[in-house]
Amino acid sequence: MKKNLLLSIFFLLLFAAGNFAMAQNRTVSGTVIAKDDGLPMPGVSVVAKGSKIGTQTSVQGKFSLSVPPSASILTFTFIGYQKLEVPIPANGIVNVTLIPDSRQLSEVVVTGSGIATSKARLGIAVESVSGKALTSSPQASIDQGLIGQVAGAQISSVDGTPGARTNIILRGINTVQGSTSPMILVDGIESRTTDLSQIDPAIVDHVEIVQGAAASTIYGAQGANGVIQIFTKKGRAGKNHIDISSSYSGSNYINQGDVHQAKLSSFAVDANGIFIDASGNPIVRNQDGRYLGIQWAHGADPSIGAPTAMSNPLNIAHQQYGTNLKYYDHLAQLFKTAYTSNNSAAFSGATDKSDYALTLSNNHQQSNIRNNGYNDRTNLTANIGAELFKGFTIRSVTQLIYTKNTLNPNYGIGNAGGIFDVLNASPFYDFNQKNSDGSYPLSLNSGTISVNGSNPNYYTQWANRVTNREDLLQSIMAEYKINKFVTLNAKYGLNYQHTEQNTIFKNQAATLTAIDLGSYYGAFASDPNGELDKSTNSTTFQNFNGSAVIKTDFEKDFHIHLPITTSTLLGYDYRKNVDKVFNSYGLELPVYAIYNFNQTATQAVSFDNTTPFITYGFIVNQKIDFGDYGGVAGGFRSDYSSAFGGGSKPFTFPNVNGYIRPSSFSFWRNSGLGNLIPEFKIRGGFGEAGTQPQPFDRYPTINPGNIGSSLTFNLPTSLANPNLNVEVSKEYEIGTDLSIKGASGNWFSEINIGATYWSRKASNVIYSINTAPSTGGSLIKTNAIGLSSHGFQASLNLGVLKGRDFNWNFTTNFSSQTTTITSTSGPPIILTTAAGSTQLALVAGQKIGQIYGNKALTSVNETNSKGVPYIQPADYGKYTIVDGRVVDIATKGIQFANEVSSFGDPNPKFNASFINNFNYKSLYFGFQFDWVYGSHLYNQTREWQYRDGISGDYDKAVDIGGTSGAYTAYYRSAYADIIGGRNGARNGTKDYFYESSSFLRLRNISLGYDFSKLLGNKVFKKAVLTFTGRNLLTVTKYKGFDPEISSGASNSPFDRGVDHDSTPNSKSYQIGLNLGF
Amino acid sequence: MKKYKHIITTVFVAGLAMTTACKKQLDVKNPNSPTLEQAKTESGLTSLAAGSIYINGFVNGDGWLGDSFFSLCYGFHELLADDVSAQAANQNVNLVNVPDYAILDDGTKVVNTQPQIANLRLNNTRDKQSQNMFYYEWQSMYGLNNACNQILALAGTVPLSGDAGTKLATYKAWAYWWKGYAYARLGSVYYSGIINNGISVTNPTYVNSAALIAESNKNLQQAASILSGITANDTYTALMGKLIPSFFQVGNGQVPSPAMFVRSINTLMARNLLVNTRTSVMTAANWQAVLALANTGIQASDNVFAGFTTTNNYIFSPGGGSVAANTSGDETASSFTISERLVQDIKPNDKRLAENFQQVTPFFNQVGGFTFSTRWKLYDAKIDVVPHNGAIQIADKTPGNQEVYIGPSYEENELMKAEALINTGQIELGLASIENVRNFQGAGLPKVTNTGLNLAQALEELRKERRLSLLFRGTAFYDARRWGVIYDISEGGGRTNAVVLSPNGVLSTHATINYNFLDYWDVPADEVVLNPPGAGSAPVKNPK
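Because the structure is a prediction, the values reported are computed rather than measured. (Residues numbered from 1 in each chain as written. Chains lettered and ligands numbered in written order. Predicted model: local features only at pLDDT ≥ 70, side-chain atom pairs only at ≥ 80, totals over all residues. Heavy atoms only, no water.)

Draft legend 1. Expanded view of the overall build of chain B. Tallying secondary structure elements over chain B gives 18 helices and twelve strands in all. In terms of overall dimensions, chain B is globule-like: its C-alpha atoms have a radius of gyration of 26 Å, near the 24 Å expected for 544 residues. The proportion of buried residues among the 544 residues of chain B is 64%. Considering only contacts within chain B whose residues lie at least 6 apart along the sequence, 73% involve residues at least 24 apart. Carbon and sulfur atoms make up 56% of the accessible area of chain B, which amounts to about 17,800 Å² in all. Positive and negative side-chain charges in chain B, numbering 41 and 43 respectively, have mean positions lying 10 Å apart. (Helix = DSSP H or I, 4+ residues; strand = E, 2+ residues; numbered from the N terminus. Rg over C-alpha atoms; globule rule 2.2 N^0.38 Å. Buried < 20%, exposed > 50% of the residue type's maximum accessible area, 1.4 Å probe, protein only. Contact = heavy atoms within 4.5 Å. Areas by Shrake-Rupley, 256 points an atom, 1.4 Å probe, with all protein chains shown as cover. Lys, Arg positive; Asp, Glu negative; His and termini not counted. Charge placed at Lys NZ, Arg CZ, Asp CG, Glu CD.)

Structure representation (structure tokens):
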């Protein structure tokens, strides 16, 4: 029946064509609208099939085309939409609706090749994510929204502090000195200083991600970490659009591992359970808010081999609190529910020759910590484009971002001190109790225990900090299409930021803490009289990018009967960056509440630094495509850099890639294979990209420094190296993109798969290595390290169910990658995490990022590296195995080897995400699970709580050789001992605290309903009410707050496996309303 | 239309050309830091000679446990001398001074489960980083030596104005003195070391500690000989006034005249001999040599190499840059606490006791070493009410008030004189020297001269006086070593009748302590691994 219908139409058309065969050209016109939002679509290509006659739709989505009588079918194509062929009806009016194409291969991408190219014709992997797919989060940031959305990328939400950035690794570790952060481009211009997390997600049309060196070669000597490019929304035709959205969310910190302080203790008490000191007197709170004199029930007793009270096996935790010392839940006293609001208003529109889009957004995110302020970000974006005359378009995208952050200096990203202070304050301290002077106590040191504890309220009472940051990201782009061959493109970008951070430490001289103990909170002051600290920094980054694209089509242009098209990119790219830092402070504040520099006693400059950097390069890239069958591309980029001074030679990075589409050959198309797998492409590429030394790494200097009021010089202990070379990362990748014809019914009608294997080697990687101290210094920068990485990434997209009203779409993204250190100059490079305390090592032959420390013996017959047994056979009977570790039955101590070794690779074996989207009429439902497998964290947070017996673990009884008890000595040994060093390896890095941090997380769950139709009102184009939950569910064995935490330096290549008192992520519930007019 | 094309193409090309033709602009100099070129002027050399000595020698790498050489490296010496103790594990300070055992009054033998020597060696690996006591003094003193080598390399090449000869002599004397100082400290505590006259390089030839001391004396004599030739005192004083931080130049920290400078050198050379020979084997000739040097050493009114705190841009901070700062104040929270053995060595009627020490609620150290609970705290004159009885104040965190002796002091010189005199049969003269020191520090003690003290009694006066008057001056460990206290009892070491407060509150007053500490330290692994000993090198590990 269907066939007959088609046939009849065909004949009808033939008839029509025949009728007009002798006639003149006729005019066909119509409007193109998009299925997904019902709006007119500008720029849709409309071509009369079989001819070269074509046009593009106007900003109102309208077209008008004069076609020859022979033309019978119009072809409509637009990026990201399914190609549509429509017969030309007799009346010449063709109104069509284009349907979005979920098949990724139809997408056109720019990033990585420099020329807009259909993914079907790329030899490299380029991922793209539409703005709509970004998940919403309290942070309202693009990086949070991208988590799980990109196959191959590891994006982790490593810190719950408002304003914190994610850690992003695209393909392996390629540099060690710097960060793993990819280059961020916005509409082709580098956003050097404005972070991805600051850009308004509401302005994102789509995001393209280039991960490998094969693609990032065109970004040259700074592209080794890959590129994330954001394309902003442009105004669209039709009436002016107004889109308003608001959301409000409440969030609570995640405590997946049930972190809490010990509810039991083993302190000395009298017959009535009153805690007593060594003289038998009850412990009382003194005027400084401290409980002094607390003793363990059983003290140090070297006669039984207990060098400290805590190693005395007689101390067993049991219920004690409730008498003169009570138990306070410090986490409840520290954390609170935080509220976040997001508001956004967008105005857009377009005429024939111009378009505009104006977006204003605000994100206000409170901290989960009491009295700790917020992070507030306001983005104003204007995207204005115009065609000044035929072929010449100009566009300006302006982003103004204002960020205000009022987080207390005691809390911040990573281990800022505050959470550590709280977790290590003994639980018998009530944070809410003030001293008689009206001040909270500062130190909660009880002499022997609670040594590192302090009252968090002291810091918020006496200090505050306000950070204001303004960002400007301005780009001006001009494109001139000279003729069908040549298009010229010029872009200029200015990325500027200015940050001013003002910290006030109030005058604390009148507090009992200052009077009695001489303690106070400050940064530069050597007395409690208070201070003002002002830190300012600015970055001015300019990027000019000029390119010419030359396109030819052998058939059309030269009438050579070869289906060859070529495109050539000639480019020049110039970047200049100037960073400036100027910090000052004023000492001694008045006791009245006026805080300015005029009213400080002395003022000084603490830091004044300017770092200019210039680099530029030339790009030549040539691409040749052979019809739909395949193609090759290749080229190179040469870079000059001021890090190498004037007169230096450029470094050149080549790339080559190619693809073949077997599915486009007739043998495939016409076989059963073509039926089963309608699209099959194999691609491969090779490329190099680099990382430059820091601007002055090659520039030996001496250090200026003030001694008193004199300016003096001293010699650097960390030496620059004039012989440094650029770091080079070489990569090849091979991949495939294919579509499988699904079931013929509604179920599984579409199956798309993309997969890439890559392998890369980084050489000449720069790092400071140790020098012998007798040289007078300790470090020198060298091209010390070689790295080797490989990985596999894949995505699978399923149209699970396609019905008239109901749609179910499923996507899974997968990434596995690993990096090995192939060489280091000299012995292992031993480091301490930026978060403090935990040791790391860079050792040739091992994975990068390993934690380095003492492992517990797992059997009594273990030997050290020289083959010497740790325990003599005669003594085997003195030991037992507890929880897989050798424990001395008498001392209750876990036996840790006294040699250090690496604990293994803390990085995940793979990460994957599972994304489900359901549509039923106006109802939307979706959820995303993220799975990170095989990752580990060093739980330094927990280890510190072992110091004074504050960890909740101390409450748990263990069975040691047949007797069970919550032995203080057992837990303390994990903190303090190694073989031969009882109490001599305190806070040593021990595998006891190296935990699996694999997790499965319900990243996002969202339910939306568009009730605009219910209103029956023409005012709203859409009215969507959304409920969103984020991080609501986590499955993990990790014993800390949050398995996703990393406290090391942000985006560090190697410092990612440590959890040290960072703010955990939060679980949040959000309600949102989105109105379109 | 065509017109536009041309205009736009021109603009494009011009833009390209403009930004390309700038290879010159790649020549970007570091606008923040000077290069060595800037030190090649008279003022630059002065800046370098001032800053590098103090920063490279006494600040860099010492930002642990306080913020200078005088808190960290001096701190280890004071710990090992049983002047202070610590309960925190930072830098291993809670364990480096735990004796092998103590026998308490009730006969209980308290045994260290990890003897000091084994513990120090367990921590002498690169991965132990901050826990390695051997590392700090080594890196500081080689930092100082390297700074001196750089100053010496520049001096003589830099054009100097005015009396260039005197200025050059001053720079050189300054550098040789500090080289001599660096080797004195290295040779007095390390089993072996390296003699290095290069800049930012080293060599693999390790020599024994005696050779390091010889190198020290060689440099000191070179400095002295240059100083002796200086006649233009004004030029010298003006330059020295720029080399020594201005806030150090108060009291006896003012610029020493060339003669005073030479006397500091002589005292340091006397120390080199005295502290590196076990007292029991000192010969009469040794004592005569010490006496000869001490007789030409520091006088009471001399300016010496000492330093003071200041509010900002300090070398050592008021609140944490010295052992005194880290010991004084709240004894339950300070890094160090006063040892019972120190206080027991102070005469009860010594005004310095009342002025500086207070008996408080006992502090029981439950997590650190077992002999180190204490009833004593050290006053911080900044926040504590002190008697102001005229005696010297040991600790004062008020900016500007804390003095730290970098080089030797009058008291040290006078007590070396006393010790040499007593040991060469001139007991009364020796006791007179001890009294000079007591008077100098306002001890207010009755005279000991002409009271008929015998040799042993006189030496006990000397011992007690050195314990207190040279407290926190970086020489206490040398004394404990040369007097034999730190050695195993079988080697004549240890001490008896010691006061020990046990963690259970029991006070022993006649305890026996067997310290058994390492006398000369092994070369740190950081050096040996990165600069393995070459052929003919001295052993880098003490055979003990």
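From this point on, the discussion continues.
Draft legend 2. View of the pairing of strand 24 (residues 531-553) of chain A. Residues and elements named next belong to chain A. In this sheet, strand 24 lies alongside strand 23 (residues 486-505) in antiparallel orientation, the contact comprising 20 bridges. Bridge pairing in strand 24 places Asn-502 opposite Lys-534. Inspection of the sheet shows strand 24 paired to strand 25 (residues 564-587) by 23 bridges, in the antiparallel sense. Across the sheet, Thr-540 pairs through a bridge with Val-578, a residue of strand 25. (Pairing = 2+ DSSP bridges.)

Draft legend 3. Quick peek at the environment of Asn97(B). All names here are of chain B. Mapped onto the elements of the fold, Asn-97 is located in the loop between strand 1 (84-86) and strand 2 (101-103). Remark: the alpha-carbon pair of Asn-97 and Gln-402, spanning 305 residues in sequence, is separated by 26 Å. Here Leu-79 takes part through its backbone oxygen, which lies 3.4 Å from a polar atom of the side chain of Asn-97. (Polar contact = N/O pair within 3.5 Å; in protein donor to acceptor, adjacent residues only side chain to side chain.)

Draft legend 4. Inspection of the nonpolar core at higher detail. If you look at the biggest cluster of nonpolar residues, it comprises 120 residues, and the most contacted ones within it are Tyr54(B), Phe58(B), Trp174(B), Trp178(B), Tyr181(B), Phe357(B) and Trp521(B). Not counting residues up to four positions away in its chain, the partners in contact with Phe357(B) are Ile338(B), Leu342(B), Val343(B), Ile346(B), Arg352(B), Trp376(B), Lys377(B), Leu378(B), Tyr379(B), Ile394(B), Leu468(B) and Leu471(B). One finds Val765(A), Ile851(A), Trp944(A) and Phe993(A) within the second-largest nonpolar core, a separate group that totals 73 residues. (Core = buried A, V, L, I, M, F, W, Y, C linked by side-chain atoms within 4.5 Å.)

Draft legend 5. Focus on helix 11 (residues 940-947) of chain A. All names here are of chain A. Burial within helix 11 is extensive, with eight of its eight residues counted as buried. When helix 11 is considered as a whole, its buried residues turn out to be Gln-940, Thr-941, Arg-942, Glu-943, Trp-944, Gln-945, Tyr-946 and Arg-947. For helix 11, the secondary structure elements touched by its buried residues are helix 5 (418-423), strand 45 (936-939), helix 12 (968-976), strand 48 (994-996) and strand 51 (1058-1059).

Draft legend 6. Quick peek at the interface of chain B and chain A. On the side of chain A, 97 residues touch chain B, which itself brings 89 residues to the contact. Buried surface at the junction of chain B and chain A, summed over both partners, amounts to about 7,700 Å²; 60% is from carbon and sulfur atoms. Connecting chain B to chain A are one salt bridge. At the junction of chain B and chain A, the tally comes to 30 residue pairs in polar contact (both at pLDDT 80 or more). Elements represented by at least two residues in the side of chain B that touches chain A include exactly helix 1 (2-20), helix 2 (42-58), strand 3 (109-111), helix 4 (116-122), helix 5 (133-154) and helix 18 (525-530) of chain B. In terms of residue count, the dominant contributor to the side of chain B that touches chain A is helix 2 of chain B (nine residues). When grouped by side-chain class, the residues that make up the side of chain B that touches chain A number 42 nonpolar, 36 polar and eleven charged. (Buried area = accessible area lost by both parts, 1.4 Å probe. Salt bridge = Lys/Arg side-chain N within 4 Å of Asp/Glu carboxyl O. Nonpolar A, V, L, I, M, F, W, Y, C, P; charged D, E, K, R; others polar.)

Draft legend 7. Local environment of the packing of helix 14 (residues 410-423) of chain B against helix 16 (residues 455-469) of chain B. Residue and element names in this part refer to chain B. As a packed pair, helix 14 and helix 16 sit with axes 10 Å apart at the nearest point and diverge in direction by 165°. Taken as axis vectors, helix 14 and helix 16 run roughly antiparallel relative to one another. Between helix 14 and helix 16 the crossing geometry is left-handed. Between helix 14 and helix 16, the contacting residues are Glu-412, Leu-415, Met-416, Ala-418, Glu-419, Ile-422 and Asn-423 on the first element and Leu-455, Ala-458, Leu-459, Leu-462, Glu-465, Arg-466 and Ser-469 on the second. (Axes fitted to C-alpha atoms, helices over the stretch in contact; angles between N-to-C directions. Parallel < 35°, antiparallel > 145°, perpendicular 65-115°, else oblique. Left-handed = near helix turned anticlockwise from the far one by under 90°.)

Draft legend 8. Geometry of the environment of Ile124(A). All names here are of chain A. As for its position among the elements, Ile-124 is in the loop between strand 9 (117-118) and strand 10 (126-130). Take Ile-124: its relative accessible area is 4%, and that puts it in the buried class. Taking C-alpha positions, Ile-124 is 66 Å from Ile-294, a pair spaced 170 residues apart along the chain. Ignoring anything within four residues of it in the chain, the contact list for Ile-124 reads Gly-112, Ala-214, Ala-215, Asn-657, Arg-683 and Glu-733.

Draft legend 9. Representation of the sheet that holds strand 12 (residues 507-514) of chain B. All names here are of chain B. Taken together, the four strands give an open sheet; going across it, the order is 3-2-12-11, and neighbouring strands pair in antiparallel fashion. In this open sheet, the two strands that pair with only one neighbour each are strand 3 and strand 11 (495-501). Looking at each pair of strands side by side, their axes are set apart by 35° on average, direction ignored. Two elements, strand 2 and strand 3, share three bridges in a ladder whose sense is antiparallel. Counterpart to Ala-102 in the pairing with strand 3 is Val-110.

Draft legend 10. Focus on the environment of Gln56(A). All names here are of chain A. Position of Gln-56 relative to the elements: it lies in strand 3 (residues 54-56). Separated by eleven residues in the primary sequence, Gln-56 and Ser-45 place their C-alpha atoms 4.6 Å from one another. Other than its neighbours up to four places away in sequence, Gln-56 contacts Gly-43, Val-44, Ser-45, Lys-62 and Phe-63.

Draft legend 11. Here's a closer look at the side chain of Thr811(A). Residues and elements named next belong to chain A. For Thr-811, the location among the structural elements is in strand 36 (residues 806-823). Overall, the relative accessible area of 16% leaves Thr-811 in the buried class. Polar side-chain contacts of Thr-811 include one of 2.9 Å to the side chain of Asn-797. If sequence neighbours within four positions are ignored, Thr-811 has contacts with Leu-796, Asn-797, Ser-913, Phe-914 and Ile-915.

Draft legend 12. View of the pattern of salt bridges. Enumeration according to the criterion identifies 66 salt bridges over all chains in this entry. Across the salt bridge formed by Arg171(A) and Glu733(A), the nearest N and O atoms sit 2.6 Å from each other. Of the two residues, Arg171(A) is situated in the loop between strand 12 (167-169) and strand 13 (183-186) and Glu733(A) in strand 33 (residues 727-741); the sequence distance between them amounts to 562 residues. Taken as a pair, Arg171(A) and Glu733(A) share a single burial class, namely buried. Arg375(B) is the partner of Glu340(B) in a salt bridge, and the nearest nitrogen-oxygen pair spans 2.8 Å. Of this pair, Glu340(B) sits in helix 12 (residues 340-344) while Arg375(B) sits in strand 9 (residues 374-378); the two residues are 35 residues apart in sequence, bridging distant segments of the chain. Through salt bridges that share partners, Arg171(A), Lys681(A), Arg683(A), Glu731(A), Glu733(A), Asp737(A) and Arg760(A) make up one connected network.

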